[in-house]
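# Structural features, examined
Single-letter residue listing:
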Amino acid sequence: MKQIHGVLLLTVVLSTVFFAFAASQNSEAQSMMGMCSMMNKAPKDVTIKPASSQIVKVGQEAAITLLIKDKTTNKPLLDAQVPIMIEHGSSMSTMDMMGSMISAEEIGQGKYQVKFTPDKKGVYTIHTHVIPDGKSMMSMMNNHMDVGVIAK
Ligand SMILES: [Cu+2]
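Where an unreviewed UniProt entry is consulted, the protein chain appears under the name YtkA-like domain-containing protein, with the organism given as Candidatus Nitrosotenuis cloacae.

Laid out in structure tokens, this is it:
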């Protein structure tokens, strides 16, 4: 009986630790890492192309514009959700995310814009995900691309 209680207790402790971990801010970065390593192939339903300079200035707010199109029709993708995470460094090299996930703002004609201020020189990775209008959250797993930016 004592042994069973021990096992139960261990299970409770382990799941508490697990949930605490999953609930921590780091979980977003962790799931990003999974997405990146697994999904570092061309987005399935869309195309994502930088439509502004990928060279930006340190200490100055940069506006990065991405042109997103429907892969099948080649038409600009409207009303999509575009969750973004910005990493200090090249893709998955540092896992040092600047804040948590943010949404790129739709500015029309398939263009989505994200603003950030680089605080030091070097490479930044814009981890970009697309959820086409009407699709489930899960579709961002298949529609992910890393866009590199250099701060000078
Ligand atoms: Cu990525």
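From this point, the discussion proceeds with the structure in view.
### Observations concerning the nonpolar core
Counting residues in hydrophobic clusters, the biggest one holds 21 residues, and the most contacted among them are I48, L66, I68, I126, V130 and V149. Not counting the four nearest positions on each side in its chain, I68 is found in contact with V46, I48, L77, A80, G110, Y112 and V130.

### Overview of the environment of A42
By secondary structure assignment, the location of A42 is in the loop between α2 (26-39) and β1 (46-50). Remark: the alpha-carbon pair of A42 and N143, spanning 101 residues in sequence, is separated by 7.6 Å.

### Thoughts on the environment of I84
Mapped onto the secondary structure, I84 falls in strand β4 (residues 83-88). The spatial distance from the C-alpha of I84 to the C-alpha of M145 is 9.9 Å, given a sequence separation of 61 residues. Apart from the residues within four sequence positions on either side, I84 is in contact with M101, I102, A104, V114, I126, H127 and T128.

### With respect to the pairing of strand β8 (residues 122-129)
In terms of burial, β8 is largely enclosed, as six of its eight residues are buried. Pairing analysis gives five bridges linking β4 to β8, with the strands arranged antiparallel. What sits directly across from M85, in β8, is H127. The sheet contact formed by β8 and strand β9 (residues 144-151) spans eight bridges and is antiparallel. Bridge pairing links T125 to G148 in β9.

### Focus: the sheet that holds β8
The strand order β2-β9-β8-β4-β5 describes an open sheet built from five strands, whose pairing is mixed. Looking at strand neighbours, the two that pair on one side only are β2 (55-56) and β5 (102-103), the edges of this open sheet.

### What about the pairing of β4?
Bridge count between β4 and β5: two bridges; the pairing is antiparallel. Looking at β5, one finds that P83 is bridged to S103.

### Some thoughts on the sheet that holds strand β6 (residues 105-108)
Taken together, four strands build an open sheet; the order of strands is β1-β3-β7-β6 and the sheet is antiparallel. Both outer strands of the open sheet, β1 and β6, are each paired with one neighbouring strand and no more. When strand polarity is set aside, the average angle formed by the axes of neighbouring strands in this sheet is 35 degrees. As judged from the six bridges shared by strand β3 (residues 62-70) and strand β7 (residues 111-116), these two strands associate in the antiparallel manner. Looking across to β7, one finds that A63 is bridged to K115.

### Remarks on the environment of T128
In this fold, T128 is placed in strand β8. Remark: the alpha-carbon pair of T128 and M145, spanning 17 residues in sequence, is separated by 5.2 Å.

Rules of the game
Counting starts from 1 at the beginning of each chain's written sequence and moves along it residue by residue. In view of the model being predicted, local features appear only for residues whose pLDDT reaches at least 70, and side-chain atom pairs are presented and counted only at 80 or more, with totals across whole chains, interfaces and linings using the full set of residues. Put simply, a nonpolar core is buried Ala, Val, Leu, Ile, Met, Phe, Trp, Tyr and Cys residues tied into one set by C-beta atoms within 7 Å. For the exposure call, what matters is how many other C-beta atoms sit within 10 Å of a residue's own: 20 or more marks it buried, 12 or fewer exposed, and in between partly exposed, using C-beta atoms placed from the backbone. Here, residues touch in the contact sense if the C-beta positions derived from the backbone fall within 7 Å of one another. Where helices and strands are cited, they refer to DSSP runs of H or I of at least four residues and of E of at least two residues respectively, numbered from the N terminus. For two strands to count as paired, DSSP must find a minimum of two bridges between them. Interaxial angle, 0 to 180 degrees, is taken between N-to-C directions of lines fitted to C-alpha atoms, where a helix line uses only the stretch in contact.

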